[in-house]
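Remarks on the overall topology
Each chain, letter by letter, is given below.
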Amino acid sequence: MNLKKLKTIHFTGIKGVGMTALALCVQDLGKIVTGSDTDETFPTDPVLKKRGIKVKSGFKSQNLPRHCDLLIYTGAHGGSTNPEVIAAKAQAIPVLSHAEALGLFSQGKKTLAVAGVGGKTTVAAMLANLLDSAGFKPSFAVGVGNIFSLNTPGRMIKTSACFVVEADEYVTDPKINLTPRFHYLKADLAIITNLEYDHPDVYPSLDAVYQSFVEFIKPVPASGAVIINIDNPKTKPLINLLNRPVITYGFSPLADWQIIKTHLAEKKQFFTLKFNGITWPEMILSVPGRYNVLNATAVIAAANFLGVSANKIKRGIKSFTGTKRRFEFIATIKGVSLYDDYAHHPSEIKAVLQAARDWLPGKRLIPVFQSHTYSRTKALLKDFAASFTDADLVVINDIFSSARETDNLGLTGRIFSEEVKKHHARVFYCPGKTATLEFIRSHCKKGDVLLTLGAGNNFLWHKDILKTLKKL
């Protein structure tokens, strides 16, 4: 497909974080971007509005622009069975899934692909920020509402040599195309942050996840590298399966990039690294969590491999201020602070709560968790139940179902909360927003920290939560 000849591109399901990032890249190339989606509020709404991209409501053939050169669709909203996709094919308009399109638009640039179950969004955002700070002017597409230091989740510069992309292991189209999305990328450098068993609706076992990642890494040339977190126990079997150059990072003494010292002061993390026997200058990180020290180390390893100087690396790491829905501070009202995080896997919940415990010492931590998908919840129920040990009180919402699921597998939010109670003394089942607000009215006090967690929609309750806090 000749990208230069494409003038108008329509995005079906444009509000999804990955779709928005790619749409912004396409707009940067001078294309006309149109889109459609549900009326539901998304984290990407502000950036789409800022860029003047109007979103048509719902999905129907009439949404297609008169002269449409390409339709890009998401795996959600019916995927290839969406009425807009069907209408485009009937009109002989070329159609690509988001995964295929991301692979297409990455051609011609050095692709720096970040994958993993947990951490890939932050690492991709941090790498884009560091390279930008170092003067590389990278293109990037990161599946997040916003990268605060760059003020956009996606950018395409025609002259940039590299393209930083978040590489997703989920399947392209659950109804039709079960190809893992990141298999359409031809990575020149790959970063793998963590490996966990996830997406049980499409991966029958952890071995299937390993094989998928092996396939993702195959295009990495001998002149490239695969950068892997050696601290994660599930990455070690993967390393043994690879026949590519591997650079490891972590706290482990076996790591090529070893974190040898770290401390926290005044909401800054300070850490020191050793590589090839040489101790590097102390780094300063403005986001919390041991996992973010690991994320930053992955980025440092990649930047060093790409030839960025130590001074520029240090400056780039320090300048990163986070992304939307990743330990995002919302507000403090009446002494109660509200944070938000996308953590939706047991290991992510544990990491976020530990980070909050370290970052906000002496505070009472109250996560408000909304599990996402029945299949994930059922497969990982025991791990979920044991993941809230750093919380003081735990609020469990009803499970947020996926559009691709029709069976609740015998699970409810109440059943989930009862499982958590086996590991935690103070657990409160609050099905939805109304019950959650009532809990806040009756239990929250000055000095508390509320954290809305999960890949559902409880982040949309923030305005009402803040109103409730004002009345305490």
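Relevant structure appears above.
Worth saying up front: this structure is predicted, and the values here are computed from it rather than measured.

Thresholds applied
Residues numbered from 1 in each chain as written. Predicted model: local features only at pLDDT ≥ 70, side-chain atom pairs only at ≥ 80, totals over all residues. Heavy atoms only, no water. Helix = DSSP H or I, 4+ residues; strand = E, 2+ residues; numbered from the N terminus. Buried < 20%, exposed > 50% of the residue type's maximum accessible area, 1.4 Å probe, protein only. Salt bridge = Lys/Arg side-chain N within 4 Å of Asp/Glu carboxyl O. Pairing = 2+ DSSP bridges. Axes fitted to C-alpha atoms, helices over the stretch in contact; angles between N-to-C directions. Contact = heavy atoms within 4.5 Å. Arc of directions from axis to C-beta.

Here we look at unusual backbone geometry
Located in the positive-phi region is Ala92, a residue other than glycine, with phi close to 65 degrees. Its place among the elements puts Ala92 in the loop between helix 3 (83–90) and strand 5 (95–97). For Lys334, which is not glycine, the phi torsion reads 50 degrees and is therefore positive. Looking at where Lys334 falls in the secondary structure, it is placed in the loop between strand 19 (328–333) and strand 20 (336–341). Residue classification places Lys334 among the partly exposed residues on the basis of a relative accessible area of 47%.

Here's the deal with the pattern of salt bridges
Counted by the stated rule, this structure contains 16 salt bridges. One salt bridge in this structure joins Asp168 and Arg181, with 3.1 Å as the shortest N-O distance. In this pair, Asp168 is assigned in the loop between strand 9 (162–166) and strand 10 (171–173) and Arg181 in the loop between strand 11 (177–180) and strand 12 (189–192), connecting sequence segments 13 residues apart. Its relative accessible area of 15% is what places Arg181 among the buried residues. The salt bridge involving Lys234 is made with Glu196; its shortest N-O contact spans 3.2 Å. Of the two residues, Lys234 is situated in the loop between strand 13 (225–229) and helix 7 (235–241) and Glu196 in the loop between strand 12 and helix 6 (206–217); the sequence distance between them amounts to 38 residues.

Digging into the sheet that holds strand 3 (residues 55–57)
Strand order across the open sheet formed by 5 strands is 3-2-1-4-5, with parallel pairing between neighbours. Of all the strands in the sheet, just strand 3 and strand 5 have a single pairing partner and so form its edges. Pairwise comparison of adjacent strand axes, ignoring direction, gives a mean angle of 25 degrees for this sheet. In this fold helix 3 packs onto strand 1 (8–12), strand 2 (32–37), strand 4 (70–73) and strand 5, with an angle of close to 155 degrees to the strand it touches most, strand 4. Taken strand by strand, helix 4 (residues 98–105) contacts strand 1, strand 4 and strand 5, and its axis lies near 95 degrees from that of strand 5.

Section: helix 9 (residues 310–319)
Turning to helix 9, its buried residues number three or more, namely Ile313, Gly316 and Ile317. Axial view of helix 9: buried residues confined to an arc of 100 degrees, hence all on one face. Next to the buried residues of helix 9 lie helix 5 (120–133), strand 16 (268–275), strand 18 (283–285) and helix 8 (290–305).

Considerations on the environment of Thr38
With respect to the helices, strands and loops of the structure, Thr38 is situated in the loop between strand 2 and helix 2 (45–50). According to the relative accessible area criterion, Thr38 is partly exposed, its value standing at 25%. Separated by 369 residues in the primary sequence, Thr38 and Asp407 place their C-alpha atoms 22 Å from one another. Apart from residues lying up to four places away in sequence, Thr38 is in contact with Lys15, Phe59 and His77.

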